[in-house]
Amino acid sequence: MTGWDEELVCSSPAKVVLEENIPDIYMEIMKAIGEGICEIRSYERSEAYLSFLRDELQERVDAFGITEEYRKQDPRFVQYHNSLLNGEEMNAQ
């Protein structure tokens, strides 16, 4: 099940009428932003938002019983999550 409204999801197979391979989607999005074709809205790195993210992540760490040792070894925690959980991202604005 998706979070999409029902009218956006086809209940039966649909024929693909056009397919386009975009080798570097990030560059295409940045180009479109520069041309005023689209706008990207993202959350700012405010202390309040980072605190919210840290609390949400900590709830999941606790719920799944993720240990400190696991956090030190798992590449996702090492690269992305530990700095947020340790509050280091709080000063990176």
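Structure: see above.
Everything quoted here is computed from the prediction, not taken from an experiment.

Here is what the cut-offs are and how they apply
Residues numbered from 1 in each chain as written. Predicted model: local features only at pLDDT ≥ 70, side-chain atom pairs only at ≥ 80, totals over all residues. Heavy atoms only, no water. Helix = DSSP H or I, 4+ residues; strand = E, 2+ residues; numbered from the N terminus. Buried < 20%, exposed > 50% of the residue type's maximum accessible area, 1.4 Å probe, protein only. Contact = heavy atoms within 4.5 Å. Areas by Shrake-Rupley, 256 points an atom, 1.4 Å probe, with all protein chains shown as cover. Core = buried A, V, L, I, M, F, W, Y, C linked by side-chain atoms within 4.5 Å.

> Any chance you could explain the overall build of the protein here in plain terms?
Helix and strand counts for the protein stand at four helices and zero strands. Going residue by residue from the N terminus, the α and β elements of the protein occur as α-α-α-α. Going through the 93 residues of the protein one by one, you find that 15% of them count as buried. For the protein, restricting intrachain contacts to residue pairs at least 6 apart in sequence, the fraction spanning at least 24 positions comes to 49%. Carbon and sulfur atoms form 53% of the exposed surface of the protein, whose accessible area is close to 8500 Å².

> Help me understand the environment of Arg71 in this model?
Tracing the chain through its elements places Arg71 in helix H3 (residues 68-73). Classification of Arg71 by relative accessible area gives buried; the value is 7%. Sequence separation between Arg71 and His81 is 10 residues, and the spatial gap between their C-alpha atoms is 8.4 Å. Other than its neighbours up to four places away in sequence, Arg71 contacts Ile66, Phe77, Val78, Asn82, Leu85 and Asn86.

> Honestly, the nonpolar core in this entry has me stumped. Any pointers?
The tendency in soluble globular proteins is for nonpolar side chains to be buried side by side. Leu50, Leu57, Val61, Phe77, Leu84 and Leu85 form the largest nonpolar core, which has six residues in total. Secondary-structure elements contributing two or more residues to this core are helix H2 (47-63) and helix H4 (75-85).

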